[in-house]
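# Structure at a glance
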Amino acid sequence: MNPCCRILYTCKSMTGFGLRTQLCPCKISGQFSNLRVNLDQNRKFQTYPSPLTGFRRVISHTQKPFDAKDSFLEQSRVCSNVGLGRGVPFIVRVASDVKQYSTTVETRVNDKNFERIYVQGGVNVKPLVVERIEKDENGGRTREEDAGENGKNTYNEQTEVPNGSRVTILRRQREESEMEKEAWRLLERAMVTYCNSPVGTVAANDPNDKLPLNYDQVFIRDFVPSALAFLLKGDGEIVKNFLLHTLQLQSWEKTVDCYSPGQGLMPASFKVRSVPLDGNNGKNEEVLDPDFGESAIGRVAPVDSGLWWIILLRAYGKLIGDYALQERVDVQTGIRLILNLCLTDGFDMFPSLLVTDGSCMIDRRMGIHGHPLEIQALFYSALRCAREMLTVNEGSKNLVTAINNRLSALSFHIREYYWVDMKKINEIYRYKTEEYSLDATNKFNIYPEQIPHWLMDWIPEKGGYMIGNLQPAHMDFRFFTLGNLWSIVSSLGTPKQNEAILNLIEAKWDDVVGLMPLKICYPAVEGEEWRIITGSDPKNTPWSYHNGGSWPTLLWQFTLACIKMGRSHLAEQALEIAEKRLSVDRWPEYYDTRHGKFVGKQSRLYQTWTIAGYLTSKMLLGNPELASMLYWDEDYELLEICVCALSKSGRKKCSRGAAKSQILI
């Protein structure tokens, strides 16, 4: 068992600088996985003095330049204190048995030790000196305002990034409604601080809730709409802090019943706790307490947490202009560790990610085990993000190749086998079964009797969607909103398919949007099917919670998809419906009944991602130029990649024509 590493960060009075600061004891308790060391003997480095005391800048000929001071592989924290002057360094002392590290990270795809972090013969980093720059009154940002159309103010916001350059981002400012002002007050009230710095928002902040359970924690997936709201407003501090703190939690040793999952697993949530300071009577210290699923209902690991983290990291760089964060060694390592878990070889014959039930937003038993669409869409998005952000060098080129190969295979697999419309359903209806051939039409041996009766009448003539799951002899024909929306946002679907998904939502508006947008899935499972699939879950009764409940937080993702496809009017209509009730109903977590008529029977009030989802939707509609930074267009190069190498085995080549033929040019 690894020894427990306790990290204490104390910001004491620094009289040597002529400053007095308040005591800020902050500690993270946990167990770190062992870090091994192996320097590439063929790699040569040059060192030259850095302006910071105790550091030398390290440059590899095979990777981008970076400052060693930006590398936090040694689990460091930066305590934010008021009163530090411009350019004044302060010392953060790290009590850990990890003393040294190098900047070399080698990656081998499908190797058991996929990611090795090397800590021998590196740069000595004791004590750790961090240069703190005090921003100007506008937080390092300047604005150039102009009168825009319809009375809106358009301004170019110049943000100073760590490398000293300034990035100009166009933002539109408009007068906020009373409902938006209320939402911002509630969102700011939900903020969580650690070491006097904001690090996230709690899941729900109902002052009358005496039993918050884990709703008083910061969840990675729940924080994403909050983060986007702050980023769209131009505030990147809380998002950067969140990304770095959760990154450091990634290295904790996770154990359930004497078994530990992969090192790259991100926590589902974390909580800031105040505990007595060791050796100091009467004084407290702040501790980050992560949950990797060992305390969750069903003890399910949060597969989507790492995927959301990568997606948010890209969004931070796009909307703030701070790309230096992505290039830090610890951040690059974090990305690779997450990809290690996703790209490791297994027994699967398919490129889709195999997960257990309850491993994503639907975190209870709902029959989504296997290859659920939501995970595949987020996986595809995270791979595209990682491909953009990874520093390409000798140590990462194999990983980049693996990403490209997986993207190509995954996009073909989802487009070809998950897509259903009237034509496809009619084909399945006439399927022959028990085919044994390389040329089989019914590759997954789907029985036509699996087509549910509701689908025959429900599918519109012009429209279609991605099914919820696909496994041998099983197709889950339920419509899962999140997975379909992210198929649009990430271009996992073809342009024609993406357009058809919105056509279906518009044609089935009463079912998917109803009185409160949007249904998490349609339809609900009922009767004997409900008892078998959910295990008679009293929270997932028909048309409630994850079993056909309506979740307002999905608004921002629907808005993003609509803006991408040039159909913003659909998002505006959905937002108008939500605005009639959200504030009056005190911002519920979800709504019940077939059309979302009632507040959910166990719904938490003042749910943060409901509030943030509304604000993000409003700002996306007001700033469509910024929305374009958050989605992906079709990548035509992926269609040309074929990784199966069938020609070498003498078999006929696989066909990409089915996917390419559906692309709108």
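Here's a quick rundown of the structure. This is a predicted model, so every value here is computed, not measured. Chains are numbered independently. Their residues run from 1 in the order of the written sequence. At least 70 in pLDDT is required for a residue's local features to be given in this predicted model, at least 80 for side-chain atom pairs to be given and counted, and no such filter applies to totals for whole chains, interfaces and linings, which use all residues. Values shown for side chains rest on all heavy atoms present in the structure; no hydrogens or waters enter the calculation.

Attention now goes to the overall build of the chain. In terms of regular secondary structure, the chain is built from 20 helices and 24 strands. Exposure categories follow from relative accessible area, calculated using a 1.4 Å probe and restricted to protein chains: below 20% of the type maximum is buried, above 50% is exposed, and the middle band is partly exposed. The 665 residues of the chain split such that 57% are buried. Put simply, 69% of the contacts in the chain that link residues at least 6 apart link residues at least 24 apart. Only the protein chains shown count as covering a residue, and every accessible area follows the Shrake-Rupley method with a 1.4 Å probe. Accessible area of the chain: about 29,400 Å², with a carbon and sulfur share of 49%. Secondary structure elements are taken from DSSP: a helix is a run of H or I of four residues or more, a strand is a run of E of two residues or more, and numbering for both begins at the N terminus. Any pair of residues with heavy atoms lying within 4.5 Å of one another is described as a contacting pair.

Let us now look at the sheet that holds strand β20 (residues 464-471). By definition, two strands form a pair when at least two bridges between them are found by DSSP. Read from one edge to the other, the open sheet built from four strands follows the order β19-β20-β21-β22, with strand pairing classed as antiparallel. Taken across any chain shown, the strands that pair with only one partner, and hence form the sheet edges, are β19 (419-421) and β22 (521-522). The strands touched by helix α11 (residues 481-489) are β20 and β21 (474-480); relative to β21, the strand with the most contacts, the crossing angle is about 80°. Taken strand by strand, helix α12 (residues 495-507) contacts β19, β20 and β21, and its axis lies near 105° from that of β20. Axis definition: a line fitted to C-alpha atoms, over the contacting stretch in the case of helices. Angles run 0 to 180 degrees between N-to-C directions.

Glancing now at the pairing of β20. Looking along a regular strand, one sees side chains alternate from face to face of the sheet. In terms of burial, β20 is a largely internal element, eight of the eight residues being buried. Sheet analysis places β19 next to β20, joined by three bridges and oriented antiparallel. Paired with Asp 421 across the two strands is Gly 464, which belongs to β20. Where β20 meets β21, four bridges bridge the pair, whose relative direction is antiparallel. Bridge pairing in β21 places Asn 469 opposite Asp 476. Hairpin connection, β20 to β21: the antiparallel pair is bridged by two residues, and Ala 473 has positive phi, about 60°.

We now examine the packing of aromatic side chains. Centre distance within 6.5 Å is the pairing criterion for rings of Phe, Tyr and Trp, where only the six-membered ring of Trp is used; planes under 30 degrees apart are then read as stacked, over 60 as edge-to-face, and the remainder as tilted. All told, the structure shown has 23 aromatic pairs when counted by the stated rule. Consider the rings of Phe 242 and Phe 270, whose centres lie 6.4 Å apart with planes at 35°: the pair is tilted. One end of the pair, Phe 242, is in helix α3 (residues 237-249); the other, Phe 270, is in strand β17 (residues 269-276), with 28 residues separating them in the sequence. Both residues of the pair, Phe 242 and Phe 270, count as buried. Taken together, a centroid distance of 6.4 Å and an interplanar angle of 50° make the contact between Trp 486 and Trp 632 tilted. Here Trp 486 is found in helix α11, whereas its partner Trp 632 is found in the loop between α18 (624-627) and α19 (646-649), with 146 residues between them in sequence. Under the relative-accessibility criterion, Trp 632 is labelled buried at 3%. Connected via pairs of aromatic rings, a cluster forms that spans Trp 454, Trp 458, Tyr 465, Phe 479, Tyr 522 and Trp 543.

Remember, this is a structural readout, not a statement about activity or role.
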